[in-house]
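Letter by letter, the chains look like this.
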Amino acid sequence: MPSYKLTYFDVRGLAEPSRLLFHLAGVPFEDNRIVFGDGTWEKMKDSTPFGQMPVLNVDGFEIPQSMAIARFLAKKFGFAGKTPEEQAWVDAIVDQFKDFFGQFRQLIIAQRAGKSADEIEKIISEVVNPARETYFKALNKILEKNKSGFLVGDGITFADLVIAENLLSLKNFGFFDAAKEPKLAALKEKVFNQPSLKEYLASRKESQI
Ligand SMILES: N[C@@H](CCC(=O)N[C@@H](CS)C(=O)NCC(=O)O)C(=O)O
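Fair warning: this is a prediction, and the values are worked out from it, not measured in the lab.

(A) How the structure looks around the site of the ligand. Taken together, Y8, F9, L14, W41, K45, Q52, M53, P54, Q65, S66 and R105 form the complete shell of residues around the ligand. One of the side-chain nitrogen or oxygen atoms of S66 is found 2.6 Å away from an oxygen atom of the ligand. Contact with the protein chains removes 75% of the 510 Å² of surface that the ligand exposes when unbound. According to the grid-proximity analysis, the pocket containing the ligand is the largest pocket. Each residue belonging to the shell around the ligand can be placed in one class, and the counts come to six nonpolar, three polar and two charged.

(B) Fine view of unusual backbone geometry. With an omega of 10 degrees, the peptide bond between M53 and P54 qualifies as cis. With respect to the helices and strands, the residue P54 is situated in the loop between α2 (40-44) and β3 (55-58). Positive phi outside glycine occurs at Q65, with the angle close to 70 degrees. Inspection of the secondary structure puts Q65 in the loop between β4 (61-64) and α3 (66-77).

(C) Region of interest: helix α4 (residues 84-112). Compared with an ideal rise of 1.5 Å per residue, which puts 29 residues at 42 Å, α4 spans 40 Å between its outermost C-alpha atoms and is within 8% of the ideal. Largest kink in α4: about 30 degrees, centred on Q103. Among all positions in α4, only E86, V90, I93, V94, F97, F100, F101, F104, L107, I108 and A110 are buried. On its buried face, α4 sits against α3, α5 (117-145) and α6 (158-172). Immediately beyond the C-terminal end of α4, within one or two residues, lies G114, with a positive phi of roughly 70 degrees.

Quick notes on the rules
Residues numbered from 1 in each chain as written. Predicted model: local features only at pLDDT ≥ 70, side-chain atom pairs only at ≥ 80, totals over all residues. Heavy atoms only, no water. Near = heavy atom within 4 Å. Polar contact = N/O pair within 3.5 Å; in protein donor to acceptor, adjacent residues only side chain to side chain. Areas by Shrake-Rupley, 256 points an atom, 1.4 Å probe, with all protein chains shown as cover. 1 Å grid on protein atoms, 1.4 Å probe; cavity = no way out; pocket = protein on both sides within 12 Å on 5 of 7 lines; lining within 4 Å. Sits in = over half its atoms within 2 Å of the grid points. Nonpolar A, V, L, I, M, F, W, Y, C, P; charged D, E, K, R; others polar. Helix = DSSP H or I, 4+ residues; strand = E, 2+ residues; numbered from the N terminus. Expected span 1.5 Å × (residues − 1). Bend = angle between axes of the 7 residues up to and from the residue. Buried < 20%, exposed > 50% of the residue type's maximum accessible area, 1.4 Å probe, protein only. Contact = heavy atoms within 4.5 Å.

So, in structure tokens, the structure goes:
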């Protein structure tokens, strides 16, 4: 079996879908967590392929970009969709997440930069809320069509992991209310109730994102 090392900050964030894939598949990996602000990342940044994390190292072969990593692992472990058509939809949903996250990230950046309450409110009302509406509408439409409770086909794929993780982060930020979004809430529960994830989820380090 290859030796896997996944390097990221000590939060769920963009690496968590890949961590979940390892647990879902029962494949051992080194969960290499870099402490934010202790200088370690600054020293290693230039040696990473794109100067960012996560990075997956497979027997010395490095892969950057969180969703490329997740897709690679999902293909290896059988969670990328069963047919080319399913795989296309899994990828489309993950791309939809990336579009949304690009918008949502504006809020995180503004908060971390210490922007004023007015500026934050403007980003929420003009960027985050409209983007969330589009995103939730698209996901609801998909779940209405696909009767399995998962987003694509009749089994769990990495798209379900990406979306469930993102819903948890949105809940932590106050942008996801399970009572108002029953289909999305059911998806999140279905993912987090997977028997092979239970032990990890019960013990993992929680983070806002
Ligand atoms: N599109 C990239 C974004 C990666 C990214 O923004 N990584 C951040 C952490 S979430 C990072 O490495 N920040 C440190 C830096 O840019 O120096 C992906 O999905 O992997």
